[in-house]
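The primary structure of each chain is shown beneath.
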Amino acid sequence: MSTGPLAGVRILEAGHILAGPYATMMLADLGAEVTKIEPPGGDLSRQVSDAYFASLNRGKRSVRLDLTAAAGRARLGELVAGSHALLVNLKPSAIRRLGLTYEDLRGWNERIVCVAITGYGLAAGDEPAFDYVVQAATGVAALTGDPEGPPTLPGYSSADNSAGLTAALGLLAQLVSGRGGQVEVSLRDVMLSQLNYRAAAYLNDGVEPRRLPNGAHSYYVPAQLFPTAEGHLALFITHDAFWKSFCAEAGIGGFASMAERAARREEVLDLVTRALGADTARGWESRLRPLGVPAAAVRTLPQALAEAPEAVVTAGDFRLVGSPVRVAGHEPDYRPPPRLGEHGGLTGAIAGEGP
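Cut-offs applied
- Residues numbered from 1 in each chain as written.
- Predicted model: local features only at pLDDT ≥ 70, side-chain atom pairs only at ≥ 80, totals over all residues.
- Heavy atoms only, no water.
- Pairing = 2+ DSSP bridges.
- Helix = DSSP H or I, 4+ residues; strand = E, 2+ residues; numbered from the N terminus.
- Axes fitted to C-alpha atoms, helices over the stretch in contact; angles between N-to-C directions.
- Contact = heavy atoms within 4.5 Å.
- Polar contact = N/O pair within 3.5 Å; in protein donor to acceptor, adjacent residues only side chain to side chain.
- Phe/Tyr/Trp six-rings, centres within 6.5 Å; stacked < 30°, edge-to-face > 60°.
- Buried < 20%, exposed > 50% of the residue type's maximum accessible area, 1.4 Å probe, protein only.
- Lys NZ or Arg CZ within 6 Å of the ring centre and 35° of its normal.
- Parallel < 35°, antiparallel > 145°, perpendicular 65-115°, else oblique.
- Left-handed = near helix turned anticlockwise from the far one by under 90°.
- Arc of directions from axis to C-beta.

As annotated in an unreviewed UniProt entry, the chain carries the name CoA transferase and comes from Actinomadura vinacea.

Right, dumping it as structure tokens:
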């Protein structure tokens, strides 16, 4: 029996691949009972690899239903009647065709919270909305990479993951209200929202975003990647106190105000680059961190995981990154991902299948 903050909350998930399953896995880690409703062939992510599926579906139950058949829809209604929320990420036409909206399901449970993750909104069409496509369509790719090179992508599914976290927030907000209803989250809207200050600069001041070398920040200087005697260092100096501390350690001076550093960006970057060449990235990190100056040597993922063993958990046969949410008094029960239809099959309900 779960003792987490979401203990007793029963959530259904009709999702596939990443955004939806990631959202409900975060909720499962916090104690919710998540039942994954899978089509006859299972979630598509099962075809990618066992580890991929486990990374998004640990701790869930699996019920295999054919929602195109009357028996499957009837069983869905029974599950909805005993649940608090349903989260789905499919094309809008599929969500409506399979009867996965609040209007379709309120007859079974007036207080059910229905969350739909789509590419561009439930009222939009079925245009392809995979993660990388959305990053390209919203300006994220255009802002990533060196200005002299092509646009690029961050190397992980930022749109799907961000949409999943946003959907989990929306689900909980509606759940707290005590009312049922429809919640919508689109990948496009999430990524535009995450471009907050970039969008505000354009909408209010007409400043069009542009790529800067080494991932430089558009406002703060110096705040970017720098080469060192060995490796690269991320230095993120925002206010003047950070700059003063950095200058004292690096043996440089000048440009005392944030405004002056922004106005004379190239001079500042040249000065800092020359200073950082005197030590390695790891050396600068060890020197600057005790001073409170934000700095980190660029690490590979294996290096980062090796330095954060507490972030790695075991779920059955899988080693995974655990929940980023720490709640006092609650230790997540990291159980393995479910086998397809483990808690119910196409032949009908089995003992213990209910929520």
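Picking up where we left off.
### Here we look at the sheet that holds strand 9 (residues 295–297)
Taken together, the 3 strands give an open sheet; going across it, the order is 7-8-9, and neighbouring strands pair in antiparallel fashion. This sheet does not close on itself; its edge strands, each paired only once, are strand 7 (223–227) and strand 9. Each neighbouring strand pair of the sheet contributes to a mean axis angle of 20°, computed without reference to strand direction.

### Considerations on the sheet that holds strand 3 (residues 61–64)
Read across the open sheet, the 6 strands follow the order 3-2-1-4-5-6; overall the sheet is parallel. Across the chains shown, the open sheet's two edge strands, defined by having one partner strand only, are strand 3 and strand 6 (181–186). Within this sheet the neighbouring strands show an average axis-to-axis angle of 20°, counted without direction. As defined by bridge partners, strand 1 (residues 10–14) adjoins strand 2 (residues 33–38) across 4 bridges and the pair is classed as parallel. Across the sheet, residue Ile-11 finds its bridge partner in strand 2, namely Val-34. Its contacts with the sheet put helix 1 (residues 19–29) on strand 1, strand 2, strand 4 (85–89) and strand 5 (113–118), and the angle it makes with strand 4 is roughly 150°. Contacting strand 1, strand 4, strand 5 and strand 6, helix 7 (residues 158–177) crosses the sheet at an angle of about 160° to strand 5.

### Looking at the environment of Thr-101
Within the secondary structure layout, Thr-101 lies in the loop between helix 4 (92–97) and helix 5 (102–105). As for Thr-101 and Val-183, which are separated by 82 residues in sequence, their C-alpha atoms are 9.3 Å apart. Not counting the four nearest positions on each side in its chain, Thr-101 is found in contact with Ile-95, Arg-96, Cys-114 and Gln-182. Within the structure, Thr-101 has its side chain in polar contact with the side chain of Asp-104 (distance 2.7 Å).

### Overview of the packing of aromatic side chains
This structure, assessed with the given rule, holds 4 aromatic pairs. Judged by centre distance (5.9 Å) and plane angle (55°), the rings of Tyr-197 and Tyr-219 are tilted. Taken together, the positions of Tyr-197 in helix 9 (residues 196–205) and Tyr-219 in the loop between helix 9 and strand 7 put the pair 22 residues apart, joining distant regions of the chain. For Tyr-197, a relative accessible area of 37% gives the class partly exposed. Since its relative accessible area comes to 42%, Tyr-219 is described here as partly exposed. Geometrically, the ring pair formed by Trp-243 and Phe-246 is tilted, given 5.9 Å between the ring centres and 35° between the ring planes. Here the residue Trp-243 and the residue Phe-246 both occupy positions in helix 10 (residues 240–250), the gap between them amounting to 3 residues, near one helical turn. Side by side, Trp-243 and Phe-246 carry an identical accessibility label, which is buried. Through pairs of rings, three or more aromatic residues link up here, namely Trp-243, Phe-246 and Trp-284. Positioned over the ring face of Trp-284 is Arg-287, at 4.0 Å from the centre of the ring.

### What to know about the pairing of strand 11 (residues 318–321)
On a regular strand, one side chain projects to one face of the sheet and the next to the other, so that they alternate. Looking at chain direction, strand 10 (residues 312–315) and strand 11 are connected through 4 bridges and run antiparallel. Residue pairing in the sheet places Val-312 in a bridge with Val-321 of strand 11. Linkage of strand 10 to strand 11, two consecutive antiparallel strands, is achieved through a turn of 2 residues, within which Gly-316 is found at a positive phi near 65°.

### Examining the packing of helix 10 against helix 13 (residues 281–288)
Running from N to C, helix 10 and helix 13 cross one another at 120°; their axes reach a closest spacing of 11 Å. With respect to each other, helix 10 and helix 13 are oriented oblique. Judged by the sense of rotation from one axis to the other, the crossing of helix 10 with helix 13 is right-handed. Facing helix 10, whose interface residues are Phe-246, Glu-249 and Ala-250, helix 13 presents Trp-284, Arg-287 and Leu-288.

### With respect to helix 10
Looking only at helix 10, the buried set comprises Phe-242, Trp-243, Phe-246, Cys-247 and Ala-250. An end-on view of helix 10 places all buried positions within 130° of arc, on one side of the element. Pointing more than 90 degrees away from the buried face of helix 10 are the exposed residues Lys-244 and Ala-248.

### Details of the side chain of Thr-118
Relative to the elements of secondary structure, Thr-118 occurs in strand 5. The class for Thr-118 is buried, based on a relative accessible area of 3%. Separated by 2.8 Å, the side chain of Thr-118 and the backbone nitrogen of Gly-121 make a polar contact. Setting aside residues no more than four positions away along its own chain, Thr-118 makes contact with Leu-90, Pro-92, Ile-95, Val-185, Ser-186 and Leu-187.

### Observations concerning unusual backbone geometry
The omega angle of the peptide bond from Val-221 to Pro-222 is 0°, so this bond is cis rather than trans. Note on placement: Pro-222 falls in the loop between helix 9 and strand 7. If you check the backbone angles, Asn-214 has positive phi at about 60° while not being a glycine. Relative to the elements of secondary structure, Asn-214 occurs in the loop between helix 9 and strand 7. In this structure Asn-214 comes out as partly exposed when scored by relative accessible area, which is 36%.

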